[in-house]
Each structure stands twice: as structure tokens, then as C-alpha cells.
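# What the coordinates show
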Amino acid sequence: MTDAQVVAQLKKWGIRYVEIPGWATHNRNSKGAWGPVNGFIWHHTGAAVPAANAKSYASSTLYNGLADLPGPLCQFSIGADGIVYLVGWGRANHAGGGDPAVLQHVINEDYNGQLHPTRGNSNGVDGNAHFYGVEIQYSGSKPMADTQYKTALRLSAAILDFHGWSEKSVIAHGEWSSDKWDPGYAPSKIMAMPGVRADVLATLNAGTTQEDPMAGMTKQDVHNAVWRIDDIPAGSTEANKTNTTWVPETFLRGTFENTVKILTMEAGQTAAIAKLAQLIGSNVDTEQVVAAVQKAIADAVIKVSVDVTTAQNQES
């Protein structure tokens, strides 16, 4: 797939995703070939990353790599809330060396059960040339979050759908390299991949019209998805301010707080005008004065709303 084609597949399958800046041209192609790509490898990060930190983890550790392993460390990553992060596109340092017999089984899709590699990173064939890879952000010492698992199934189905592959093109890192055990569900114990592949097949057979991917999301999941995934637009004046921890909720919270202040002022002014009218005497139509003030304040609120909408349109 090209970078444009993978984005199209994510949209087709209703997968929530975030593009890490520069991902589409970020790769290790200068160090070796990428392709022909023959399958999709699942990994765990080995660290339990909170949903609020998922994007920063993807854009730092997974994008840049480690001291002894340059990034990108995957093409995809899945946060705790089920959001897919596009980290790189092309050759990535995720698979390492693996068993050539496993590669042939994946190419032929001619095996059953769990794969048991006999070669690993030090004596295997180059897997970075032959596989897409997803780093699922969880420790591996216990099961991944249900939202992550469902997203991993849909992401797998999106890739298989594009290539016309079966579920047997989806394998675990521990099925590729004899010295790996990810993705795990208990300390040093790999997931039972035949069951995973059965779930991938069911997801693929259900097609893109299956349940809304937001179904089953908690309020916190929705909060994380809506409030935390967007960056400041490139070139925005916000980017030049000293607040380096800016996130969209800063703007949204400020709008909310200003609206609350306006409503509080309205209530206070209404009470004050009513009291003033009583002091002036019976010749003043209290209700008419209050209504006029309320209309003036409401017009101001509407103007604030229009200004906010205009600002949002300009930013997008």
C-alpha cells in the first residue's frame, strides 16, 4: 500500500486514526528493501501507556526509536483507547530476524495452529522487508484493553482486505522470532494466535458495515478521542506561544469558562436591574427592562458563538 491507500483503508473500515507529522515519508528504506510485503505482525510495546500519553509515545519513542534501534519502530501503533497512530511508512525496525520457514508459511497461507519459529533475531532472515507491524501500547503482562483488541482486528482486516490475504497472513512477533514472546497476555507468555486469527477472520467476513467503531466506548474514551488527538495546526500563532503543553482542550475550556462568566453576569445584572427598578418606583416596567437587558446579553453570546465558529473554520 502507498501512504494514501492505507489512509483510505482506515477510513473504509471506520478506524479512528491520528497521523504523526512526517509519518508518510519516515522509514528505513535507505538501509534495505521494503517489500514484497507478505504479512502483518502484532507486537506489544512492553510498557503500559495511558491513553492520554499515547500520541506522545507514538511521536517520540516509536517515531524516533531507541539509542540502539533507530525509528520508526513500526508502521502503526494502537493506544489504550483504540486510536491508531500512523508512525512511519516504509521499512521499519519492528520485525528483525525471523524464521524463513514461517515466512514461507505466511506467503503460502498453508499452516494451522500456532507457529513455532526455530530461528530468531541473530540468525534469522530480515523480517523488516516483508511485514507491516503494529505496536500495541500495553505491557504484555496482562491482556490488552478490549478497545485495543477490537481495533487490532479491524486494522488487520483492513490490510487483508486490500491485499486479498486470509487471516493466516496475521502473525505474532513470537511466531516470527524464536527469541520473542509478544504480543503477550501474561508474563513471558504469548497470546494464542489461532484464536486471534479466528477473530480476524470473523471481522473480515463481517465487512466494513459491522457495528459502529465507537460502539462500546466509555465517556473517557470519547473524551480522549475528541479532546486530545489534534495538534496545533502548523504555522498557527499558538505554536509560537510559550505554552508548549497546549492541547485543544485549552481553547475549548477557555470558551466554556467565558460562556459561564457571561451567564453569571447576566444573572447578576438581571437581579440588579430588578432591584433598581423597584427602588425607582412603580412607573418603571421591570419585566420590560429585564427582557431588554437579557436580549442584549443573548446577542453578545450569539456573537461569541459566531466568533468561535469562525476561528475554528480558519484553523481547520
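Use the structure listed above.
Residue indices follow the written sequence of each chain, beginning from 1 at its first position. Local features in a predicted model are, by the rule used here, given only for residues with pLDDT of at least 70; side-chain atom pairs are given and counted only at 80 or more, and totals for whole chains, interfaces and linings are based on all residues. Hydrogens and water molecules were not included; the side-chain quantities draw on all heavy atoms of the structure.

With that settled, consider the overall build of the chain. Every helix listed is a DSSP run of H or I at least four residues long, and every strand listed is a run of E at least two residues long, numbered separately from the N terminus. A count of helices and strands for the chain gives nine helices and twelve strands. Within the chain, the fraction of its 316 residues that count as buried is 41%. The contacts of the chain with a sequence gap of at least 6 include a subset with a gap of at least 24, amounting to 76%. For accessible areas, the Shrake-Rupley method is used with a probe of radius 1.4 Å. Any residue's cover is judged against the shown protein chains and nothing else. A total of about 15900 Å² of accessible surface is found on the chain, and carbon and sulfur atoms cover 55% of it. Whether a residue is buried, partly exposed or exposed follows from its accessible area with a 1.4 Å probe, protein chains only, as a fraction of its type maximum: under 20%, in between, or over 50%, in that order. Contacts are assigned to residue pairs that have any heavy atoms within 4.5 Å of one another.

A few words on the nonpolar core. As used in this record, nonpolar core signifies buried Ala, Val, Leu, Ile, Met, Phe, Trp, Tyr and Cys residues forming a set joined through side-chain atoms within 4.5 Å. Counting 35 residues, the largest nonpolar core has F40, W42, F76, Y132, V134, I136 and L155 as the members making the most contacts within it. Counting residues per element, the ones that place at least two in this core are α1 (3-12), β2 (39-44), β5 (76-78), β6 (84-86), β9 (131-136), α4 (146-163), β10 (170-172) and α6 (193-206). Here the element with the most residues in this core is α4; it accounts for eight residues.

If the charged atoms of two oppositely charged side chains come close together, the side chains can form a pair. Put simply, a salt bridge is a Lys or Arg side-chain nitrogen that is within 4 Å of an Asp or Glu carboxyl oxygen. Summed over the entire model, instances satisfying the criterion amount to four salt bridges. Here D161 and K12 are joined by a salt bridge, their closest N and O atoms 2.9 Å apart. Placement of the pair is D161 in helix α4 and K12 in helix α1, with a sequence separation of 149 residues. Two residues, D146 and K150, come together in a salt bridge whose shortest N-O distance is 3.4 Å. Separated by four residues within a single helix, D146 and K150 lie in helix α4, roughly one turn from each other. Assessed through its relative accessible area of 40%, K150 is described here as partly exposed.

A few words now on the pairing of β2. Counting buried positions over the six residues of β2 gives six, a clear majority of the element. In β2, alternate side chains face the same way, and those of G39, I41 and H43 on one face and F40, W42 and H44 on the other are all buried. In the sheet, β2 pairs with β10 via three bridges, with the strands oriented parallel. Residue pairing in the sheet places I41 in a bridge with I171 of β10. By this definition, two strands are paired if DSSP reports at least two bridges between them.

The next point concerns the sheet that holds β5. Here we have six strands laid out as an open sheet, ordered β1-β6-β5-β9-β2-β10, and mixed in their pairing. At either end of the open sheet lies a strand with only one pairing partner, and these are β1 (17-19) and β10. The sheet shows a mean angle of 25° between the axes of neighbouring strands, direction not considered. Direction of pairing for β1 relative to β6: parallel, over a ladder of three bridges. Bridging across to β6, V18 finds its partner in Y85. Lying over the sheet, helix α2 (residues 54-64) contacts β1, β5, β6 and β9, oriented at roughly 30° with respect to β6. Interaxial angle, 0 to 180 degrees, is taken between N-to-C directions of lines fitted to C-alpha atoms, where a helix line uses only the stretch in contact. The sheet strands contacting α6 are β2 and β10, and the helix crosses β10 at an angle near 150°.

Before going further, it helps to spend a moment on unusual backbone geometry. The linkage connecting G35 with the following residue, P36, adopts the cis geometry, with an omega of 0°. A cis amide bond links D182 to the next residue, P183, at an omega of -5°. The phi dihedral of E109 is positive, around 50°, even though this residue is not glycine.

Where α4 contacts α6, the axes come no closer than 9 Å and their chain directions differ by 65°. Note on packing geometry: the crossing formed by α4 with α6 is right-handed. Along the contact surface, α4 presents Y149, L153, R154, S156, A157, L160 and D161, while α6 presents G195, V196, D199, V200, T203 and L204. Residue type decides the class: Asp, Glu, Lys and Arg count as charged, Ala, Val, Leu, Ile, Met, Phe, Trp, Tyr, Cys and Pro as nonpolar, and the leftover types, Gly among them, as polar. Its residues assigned to classes, the contact of α4 with α6 shows seven nonpolar, three polar and three charged. Each crossing gets its hand from how the near helix is turned against the far one by less than a right angle, where anticlockwise is left-handed and clockwise is right-handed.

This paragraph deals with the environment of P183. Within the secondary structure, P183 is located in the loop between α5 (173-176) and β11 (184-186). Between the alpha carbons of P183 and E135 there is a distance of 8.9 Å; along the sequence they are 48 residues apart. Contacts of P183, omitting those with residues within four sequence positions, involve W42, H43, H44, Y138, A172, H173, I190 and M191.

Listed in full, the buried residues belonging to α2 are A54, K55, Y57, A58, L62 and Y63. Each buried residue of α2 sits inside an arc of 160° when the element is viewed along its axis, so together they form one side. Buried-residue contacts for α2 involve β1, β3 (65-66), β5, β6 and β9. Remark: G65 follows α2 within two positions and exhibits a positive phi of approximately 90°. This arc corresponds to the set of directions leading from the helix axis out to the C-beta atoms.

Here we take up the packing of aromatic side chains. Classification of ring pairs uses Phe, Tyr and Trp, with its six-membered ring standing for Trp, and accepts pairs whose centres are within 6.5 Å; under 30 degrees between planes counts as stacked, over 60 as edge-to-face, and the remaining range as tilted. Enumeration over the complete set of coordinates arrives at nine aromatic pairs. Measuring from centroid to centroid gives 5.4 Å for W34 and W89, while their planes differ by 80°, and the two rings are edge-to-face. A residue pair is termed long-range when its members are at least 10 positions apart, and W34 in the loop between β1 and β2 and W89 in the loop between β6 and β7 (97-98) qualify at 55 residues. You can call W89 buried: its relative accessible area is 5%. When the centroid spacing of 6.0 Å and the interplanar angle of 80° are considered together, the rings of F40 and F76 count as edge-to-face.

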